[in-house]
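Examination of the molecular architecture
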Amino acid sequence: MKLAARVHQITPSLTLQISAQAKSMKAEGIDVCSFTAGEPDFDTPEHIKAAAIEALQMGKTKYGPAAGEPLLREAIAKKLRQDNQLSYEASNVIVTNGGKHSLFNLMLALVEPGDEVIIPAPYWLSYPEMVTLAGGTPVILPTNAQSGYKIAPEQLQEAITSRTRLLVLNSPSNPTGVVYTPEELKAIAQVVVERDILVVSDEIYEKILYDGVEQVSIGSLGAEIFARTIISNGFAKAYSMTGWRIGYLAGAKELIDVVTAIQSHSTSNVCTFAQYGAIAALEGSQECIAKMHQSFAQRRLVMLDLLAAIPGFTGAKPNGAFYIFVNIGTTGLGSLEFCQALLKQQQVAAIPGLAFGADDHIRLSYATDLLTIEKGMARLKEFVSQML
Ligand SMILES: *Cc1c(COP(=O)(O)O)cnc(C)c1O
């Protein structure tokens, strides 16, 4: 079969490969400790489920507007004004099938063949693939532990060419958990404005922060950067709604109208009754976020402590999300080799950093119970001590 050229440029997800292997080992009855989860391990809060069930019973089972239920767009705009100091109205918002779909829609709307999109590494593995699928060229900006896994404004400045359309910013970050400070964002915003490019801010982990760190949206730092910012966010991580597939994109109305046209010809509206669950998530009590956060915060400290006891292992102390990005450079192994051996010898599953553009790292997710964390870290220690 002759396939379109664009499919030859995409790589199958490395994260899925290791997860699938871990799953099949579990199915065989093997005691696997998995740190591969890219989603909270809690159920969706009851009041959110109840709202969707009620909507279903009320007959919210038909096609809706492609841009989303007006009530939800309104609630999202209000959330963006109140939580993020972004002066959006409902007409600046489109509801999408998840944050991933928001970003994919955006790339289709903005990127042409030859256009460059700047992506700091380590990056969420889908960013470069989306740019490539849209016909554009991902330009990867490397960072490391010394730079706190953050890009410097000078680095951005140097990477911008006449073909640069967009910078992808993800704070708090998957996979590093790193959060940019307001000062760092200001410096980046200045470059974005001066060079007149756009920035998409993926804020999906905004509610999962530690040690008193606060979320600041780059778009809130002045009128000029606001005009050049697009916000991508969703309900998956904050409200443990990954399977619901609801996200949103916010930006200039002229852009949102175009994205709505793309969506109207591809997926149409997001599942109608699911959107009523999302309305309840925004308008109901936010206590559920605090409860999940408490668990994450405790697990994070336990995992950091146990990792610190493994000689030669260092990672940036993450200020957000639910991942720890660990440098395995001292072992001399590539991340894929490391993860395969770890799974085989100690039945511990981790995601190779190669998937995120950092082959000397692995990603450990602590969206799992404390017992698994304690057992898994002991096995990891054993694995490393046998190697060194
Ligand atoms: C999980 C995630 C998303 C969005 O996920 P959806 O389930 O599509 O809403 C976006 N960006 C990053 C970095 C993520 O980890």
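Scoring rules and cut-offs
- Residues numbered from 1 in each chain as written.
- Predicted model: local features only at pLDDT ≥ 70, side-chain atom pairs only at ≥ 80, totals over all residues.
- Heavy atoms only, no water.
- Near = heavy atom within 4 Å.
- Polar contact = N/O pair within 3.5 Å; in protein donor to acceptor, adjacent residues only side chain to side chain.
- Areas by Shrake-Rupley, 256 points an atom, 1.4 Å probe, with all protein chains shown as cover.
- Nonpolar A, V, L, I, M, F, W, Y, C, P; charged D, E, K, R; others polar.
- Patch = residues over 30% accessible without salt bridge, like charges linked within 9 Å, V, L, I, M, F, W, Y side chains within 5 Å.
- Salt bridge = Lys/Arg side-chain N within 4 Å of Asp/Glu carboxyl O.
- Helix = DSSP H or I, 4+ residues; strand = E, 2+ residues; numbered from the N terminus.
- Buried < 20%, exposed > 50% of the residue type's maximum accessible area, 1.4 Å probe, protein only.
- Domains from an automatic or database assignment.
- Contact = heavy atoms within 4.5 Å.
- Buried area = accessible area lost by both parts, 1.4 Å probe.
- Pairing = 2+ DSSP bridges.
- Phe/Tyr/Trp six-rings, centres within 6.5 Å; stacked < 30°, edge-to-face > 60°.
- Lys NZ or Arg CZ within 6 Å of the ring centre and 35° of its normal.
- Core = buried A, V, L, I, M, F, W, Y, C linked by side-chain atoms within 4.5 Å.

Looking at the site of the ligand
With respect to spatial proximity, 13 residues lie near the ligand, and among them Gly-99, Asp-202, Tyr-205, Lys-237 and Arg-245 are the closest. Between the ligand and Lys-100, the relevant distance is 2.9 Å, taken from an oxygen atom to a main-chain nitrogen or oxygen of the residue. Within the contact set of the ligand, an oxygen atom lies 3.1 Å away from a side-chain nitrogen or oxygen of Lys-237. Relative to its unbound accessible surface of 380 Å², the ligand loses 94% to contact with the protein. For the shell around the ligand, the residue count by class is five nonpolar, four polar and four charged.

Re a nonpolar patch on the surface
Together, Met-1, Leu-3, Val-7 and Ile-10 give the surface a local cluster of nonpolar side chains, amounting to about 430 Å² of exposed area. As for its placement among the helices and strands, Leu-3 is situated in the segment before helix 1 (14-27). Given a relative accessible area of 43%, Leu-3 falls into the partly exposed group.

Considerations on the domain arrangement of the protein
Partitioning the protein into structural domains gives domain 1 (5-44 + 287-387) and domain 2 (46-283). A straight line from the C-alpha centre of domain 1 to that of domain 2 covers 25 Å. Tallying the contact residues gives 36 residues for domain 1 and 34 residues for domain 2. For the pair domain 1 and domain 2, the two sides together bury roughly 3100 Å², of which 59% comes from carbon and sulfur. Area buried by domain 1 at its contact with domain 2 is led by Thr-44, Asn-319 and Phe-356, which between them contribute 23% of it.

Things to note about the pairing of strand 3 (residues 116-120)
Of all five residues in strand 3, five are buried, a share of seventy percent or more. Residues of strand 3 alternate between two faces, with Glu-116, Ile-118 and Pro-120 on one and Val-117 and Ile-119 on the opposite face, all of them buried. As paired strands, strand 3 and strand 4 (residues 137-141) are joined by five bridges and run parallel to one another. By the bridge assignment for strand 4, Ile-119 is matched with Ile-140. Relative to strand 5 (residues 164-170), strand 3 runs parallel, the two sharing three bridges. Bridge pairing links Val-117 to Leu-166 in strand 5.

Observations concerning the packing of aromatic side chains
What describes a pair of aromatic rings is the distance from one ring centre to the other and the angle between the planes of the rings. Summed over the entire model, instances satisfying the criterion amount to 13 aromatic pairs. Judged by centre distance (4.9 Å) and plane angle (40°), the rings of Tyr-88 and Phe-226 are tilted. In this pair, Tyr-88 sits in the loop between helix 3 (70-84) and strand 2 (93-96) while Phe-226 sits in helix 8 (residues 223-227), placing the two residues 138 residues apart along the sequence. Overall, the relative accessible area of 2% leaves Tyr-88 in the buried class. Grouping aromatic residues by their ring pairs yields a cluster made of Phe-42, Tyr-205, Phe-296, Phe-322 and Tyr-323. Of note, Lys-150 hangs over the ring of Tyr-180, and the distance from its end group to the ring centre comes to 5.8 Å.

A look at the nonpolar core
Buried together is how nonpolar side chains tend to be arranged in soluble globular proteins. Among the nonpolar cores identified, the biggest contains 39 residues, and Met-303, Leu-307, Phe-313, Phe-338, Leu-364 and Leu-380 are the most heavily contacted of them. Those elements that place two or more of their residues in this core are helix 1, helix 11 (287-308), strand 10 (323-327), helix 12 (335-346), strand 11 (348-349), strand 13 (361-365) and helix 13 (370-387). Domain assignment of the residues forming this core places at least three in each of domain 1 (5-44 + 287-387) and domain 2 (46-283). The next biggest cluster of nonpolar side chains, apart from the first, holds 33 residues, and it includes Leu-106, Ile-256, Ile-351 and Phe-356.

Some remarks on the environment of Gly-320
If you trace the backbone, Gly-320 turns up in the loop between strand 9 (314-315) and strand 10. With sequence-adjacent residues up to four places away left out, Gly-320 is seen in contact with Pro-172, Gly-177, Val-179, Ile-208, Leu-209, Tyr-210 and Tyr-366.

Things to note about the pattern of salt bridges
Inspection of every chain in the model, using the stated rule, returns 14 salt bridges. Its salt-bridge partner being Asp-115, residue Arg-163 comes within 2.9 Å of it at the nearest N-O pair. Taken together, the positions of Arg-163 in the loop between helix 6 (153-159) and strand 5 and Asp-115 in the loop between helix 4 (99-110) and strand 3 put the pair 48 residues apart, joining distant regions of the chain. For Asp-115, a relative accessible area of 6% gives the class buried. By sharing partners, the salt bridges in this structure join Asp-31, Lys-375 and Arg-379 into a single network.

A word on the environment of Met-241
Checked against the element boundaries, Met-241 lands in the loop between strand 7 (229-234) and strand 8 (247-250). By relative accessible area, which is 1% here, Met-241 ends up buried. With 199 residues separating them in the primary sequence, Met-241 and Phe-42 have C-alpha atoms 9.2 Å apart.

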